[in-house]
Amino acid sequence: MSTSEKSKKTRVQFATRLGVIATTVGSAVGLGNIWRFPYEAGTHGGGAFMLCYIFFIFIIGVPVICAEFLMGRGTRSNIFGAYRKLAPKGKWFYAGYMGILASILILSFYSVVAGWTLEYFVQSVSGSLDLASMEEYHARFDEFSTGNWRPVLWTLIFLTLNFLILVRGVTKGIERMSNILMPVLFVILLIFCINSLTLPGAGEGLRFLFHPDFSKIDSGVMLGAMGQAFFSLSLGLGCMTTYASYFSDSTRLAKSAVITASLDTAVAFLAGIVIFPAVFTFGFSPAAGPTLVFEVLPSIFHSLPLGAVWSSLFFFLLLLASLTSTISMSEISIAFFVEEKKMSRRSATVLNTGLAAVFGVLCALSFGCLGDFKLFGLTVFNLFDYVSSNILLPIGGMITSIFVGWFVDRRFVRDQLTDFGSFRLKMLGVIVFCLRYVAPVCILLVFLNSIGLIQL
Ligand code: TRP
C-alpha cells in the first residue's frame, strides 16, 4: 500500500456534502464577520472599505481557497506535509511555520473576544444587560473590559471549552455542531436586519455602508480590507488546507470555495446591516474600533420586545460560531504536532491551548493593566490582530498562490479541481490565472502601497 493510500485509510473524512460546506462555512463564519467586519468597516470609512473588501474576497479570496483546498485534498496532509509532498526538495514548507505562529496569535486574541461574548451571554441571561442609554452601555463595556480578572477568566474558560471539543476529534464534534448551528444564526441575523431597517438611522447607516466615497480609498483602507478578507475566509495559514485534507474525493472544490465565500460575505453584510443603522440611531461613533459591536448590539436588544431573550440567544449562537472557528484554527497546529512531531492528540491539544492561554491573558490584560504597554504604538491585542491579519495572512496567501500557480504540477491542479476530469470546469483557466498573476501582484501592490514605496 502506498503512503497516500495508507494515510487515506487512517484519516477520517467528512461524511456528507452538507458536512463539507457546513464545516468550512463554520470555520469562516465567526467573530470575523460579526465583530471584526463591522469595526474594520467602521474605522475605514464604510463604503470605500466595502468596495475593496468585495474585490479581495472574490478576486483573491476564492482562487486562494481553491489553492488551499486542492493542496489539502490532493495530499491528505496538514499544511507542512502538503508543501513537502508537493515539493519534496523545496523550502516551501517553511511557510507552514508562519501559519502555525499566526494561528496561535489569532487564537489568543480571538479567545479574548469570545470571552467577552461569554460575559455578555451571562449578563443577558441574568437580565443585568438591560441598561437605559448608549452612555451606560459604553460605560458597562469599558468597566468590564478594563477590569483585570473577569476578561482573563472568560478567556481561559473559552479556551477550555475549545480544548474539550478538540480532544474529541474531528468529525463528531465539529460536524454535528455546525450543521445545526449556522442556519439558525443566519435566520436570527435576518430578523435583526429587518428590525434595524426600521430604525430612524437606517438610511444613514446604509448610506455609510454601501455608498462608496472613492476619495477615502487609501493605503490603510486597502490593507485593512485585504486583511479582513483573509481573516474572514480563514485563509493564508493552511486552515482550509487542513480541513480539505478531510474532504472526500468527490467534493467539488471550486464550487465549495464559491459557496463558502458567498455565505461568509452574506453573513458579514447582514452583520453590517444590523449594526450601522443602530450606530447612527443611537449616536455611537462608527469608528469606535474593537469595542463597537459590544456596545451597539446590547442597545439594539434593549429596543426589542423580549430583549433579554434575543440577546441571550444571539450571544449563545455567536459563542458557538466562535468555537467552530477556533476549532479550525487550532486544528492547524494540532495536525502539525500530531502528524509531523508524532505527539498524541491530547498532548498536541494541551500544547496548543497552553500557548494560546499565555498569549490570550496578555491580550485580555491589554485593555486593562497592560494598556500602556505598547509595541510600535499598539497594545498587545491590537498588535497581534494587526500583524496576523494584515501581514501574516496575506503573505501566507501570496506564498500559496505562487506555489500552486507556478510550482505545483499543472495536471495535479486540474485533476483536483475537476475530479480527475469527471466534469468540465469553466472557471479553471480563470482560477489559475488569478493564482499566477492577479493574487500575488495585488497582494504585493497593497503591501508596497501601505509602506509608502508606491502610490496607488
Ligand atoms: N474566519 C474566522 C472568522 O471570521 C476566523 C478564523 C478561523 C481564521 N480560522 C482561521 C482566521 C484561520 C484566519 C485563519 O471568525
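Data block above holds the structure.
In this text the structure is predicted, and so the values were computed from the model without any measurement. (Residues numbered from 1 in each chain as written. Predicted model: local features only at pLDDT ≥ 70, side-chain atom pairs only at ≥ 80, totals over all residues. Heavy atoms only, no water.)

### As for the overall build of the chain
- What the chain contains, in helices and strands, is 19 helices and zero strands.
- Taking 456 residues into account, the globule formula puts the C-alpha radius of gyration at 23 Å, and the chain, at 21 Å, falls close to it.
- Within the chain, the proportion of its 456 residues that are buried is 60%.
- A separation of at least 24 residues holds for 83% of the contacts in the chain among residues at least 6 apart in sequence.
- Counting only carbon and sulfur atoms, one obtains 67% of the accessible surface of the chain, whose full area is about 17,500 Å².
- Positive and negative side-chain charges in the chain, numbering 32 and 24 respectively, have mean positions lying 16 Å apart. (Helix = DSSP H or I, 4+ residues; strand = E, 2+ residues; numbered from the N terminus. Rg over C-alpha atoms; globule rule 2.2 N^0.38 Å. Buried < 20%, exposed > 50% of the residue type's maximum accessible area, 1.4 Å probe, protein only. Contact = heavy atoms within 4.5 Å. Areas by Shrake-Rupley, 256 points an atom, 1.4 Å probe, with all protein chains shown as cover. Lys, Arg positive; Asp, Glu negative; His and termini not counted. Charge placed at Lys NZ, Arg CZ, Asp CG, Glu CD.)

### Quick look at the site of the ligand
- The local shell around the ligand holds 17 residues, among which Ala28, Gly32, Tyr110, Phe231 and Ser234 are the closest.
- Between the ligand and Ser27, the relevant distance is 3.4 Å, taken from a nitrogen atom to a main-chain nitrogen or oxygen of the residue.
- Side-chain polar atom of Asn33 to an oxygen atom of the ligand: 3.4 Å apart, as the coordinates give it.
- Contact with the protein chains removes 100% of the 360 Å² of surface that the ligand exposes when unbound.
- For the shell around the ligand, the secondary-structure elements that each account for two or more residues are α2 (17-28), α3 (31-43), α6 (94-126), α11 (219-232) and α15 (307-339).
- Across the shell around the ligand, the residue classes tally to nine nonpolar, eight polar and no charged. (Near = heavy atom within 4 Å. Polar contact = N/O pair within 3.5 Å; in protein donor to acceptor, adjacent residues only side chain to side chain. Nonpolar A, V, L, I, M, F, W, Y, C, P; charged D, E, K, R; others polar.)

### Brief notes about unusual backbone geometry
- Residue Arg76 is not a glycine yet carries a positive backbone phi of 50 degrees.
- Following the sequence through the fold, Arg76 ends up in the loop between α4 (47-75) and α5 (79-86).

### Regarding the packing of aromatic side chains
- Tallied over the full model, the rule gives 46 aromatic pairs.
- Geometrically, the ring pair formed by Tyr94 and Tyr97 is tilted, given 5.9 Å between the ring centres and 35 degrees between the ring planes. Of this pair, Tyr94 and Tyr97 both sit in helix α6, separated by three residues, roughly a single helical turn.
- Both rings, one in Phe192 and one in Phe314, keep their centres 5.6 Å apart while their planes meet at 55 degrees; by these two values the pair is tilted. With Phe192 in helix α9 (residues 171-197) and Phe314 in helix α15, the pair connects residues that are 122 residues apart, well separated along the chain. Accessibility classification places Phe192 together with Phe314 in one group, the buried group.
- The lysine or arginine in question, Arg252, covers the ring of Phe423, its NZ or CZ lying 3.8 Å from the ring centre. (Phe/Tyr/Trp six-rings, centres within 6.5 Å; stacked < 30°, edge-to-face > 60°. Lys NZ or Arg CZ within 6 Å of the ring centre and 35° of its normal.)

### Regarding the side chain of Ser311
- Residue placement: Ser311 occurs in helix α15.
- With near-sequence residues (within four places) excluded, Ser311 lies in contact with Ser124, Leu129 and Phe301.

### Some thoughts on the packing of α3 against α4
- For the pair α3 and α4, the least separation of the axes is 7 Å and the interaxial angle reads 125 degrees. With respect to their mutual orientation, α3 and α4 come out oblique. Crossing of α3 over α4 shows right-handed handedness. Residues Phe37, Glu40 and Ala41 of α3 pack against Phe49, Met50 and Tyr53 of α4. (Axes fitted to C-alpha atoms, helices over the stretch in contact; angles between N-to-C directions. Parallel < 35°, antiparallel > 145°, perpendicular 65-115°, else oblique. Left-handed = near helix turned anticlockwise from the far one by under 90°.)

### As for α3
- With 13 residues, α3 should cover 18 Å at 1.5 Å per step; its first-to-last C-alpha distance of 17 Å lies within 8% of that length.
- At Phe37, α3 shows its largest kink, close to 35 degrees, and the proline Pro38 lies no more than four residues downstream.
- For α3, the set of buried residues is Leu31, Gly32, Asn33, Ile34, Trp35, Arg36, Phe37, Pro38, Tyr39, Glu40, Ala41 and Gly42.
- Note on α3: the residue one or two positions beyond its end, Gly45, has a positive phi of about 80 degrees. (Expected span 1.5 Å × (residues − 1). Bend = angle between axes of the 7 residues up to and from the residue.)

### What to know about the pattern of salt bridges
- Within this structure, the stated rule accounts for eight salt bridges.
- Between Arg36 and Asp385 there is a salt bridge, with the nearest N and O atoms lying 2.8 Å from each other. Here Asp385 lies in helix α17 (residues 380-407) and Arg36 lies in helix α3, a separation of 349 residues in the sequence.
- Arg36 gets classed as buried once you look at its relative accessible area, which sits at 1%.
- Classification of Asp385 as buried rests on a relative accessible area of 2%.
- For the salt bridge of Glu340 with Arg84, the shortest nitrogen-to-oxygen distance reads 2.9 Å. Of the two residues, Glu340 is situated in the loop between α15 and α16 (345-365) and Arg84 in helix α5; the sequence distance between them amounts to 256 residues.
- The class for Glu340 is partly exposed, based on a relative accessible area of 26%. (Salt bridge = Lys/Arg side-chain N within 4 Å of Asp/Glu carboxyl O.)

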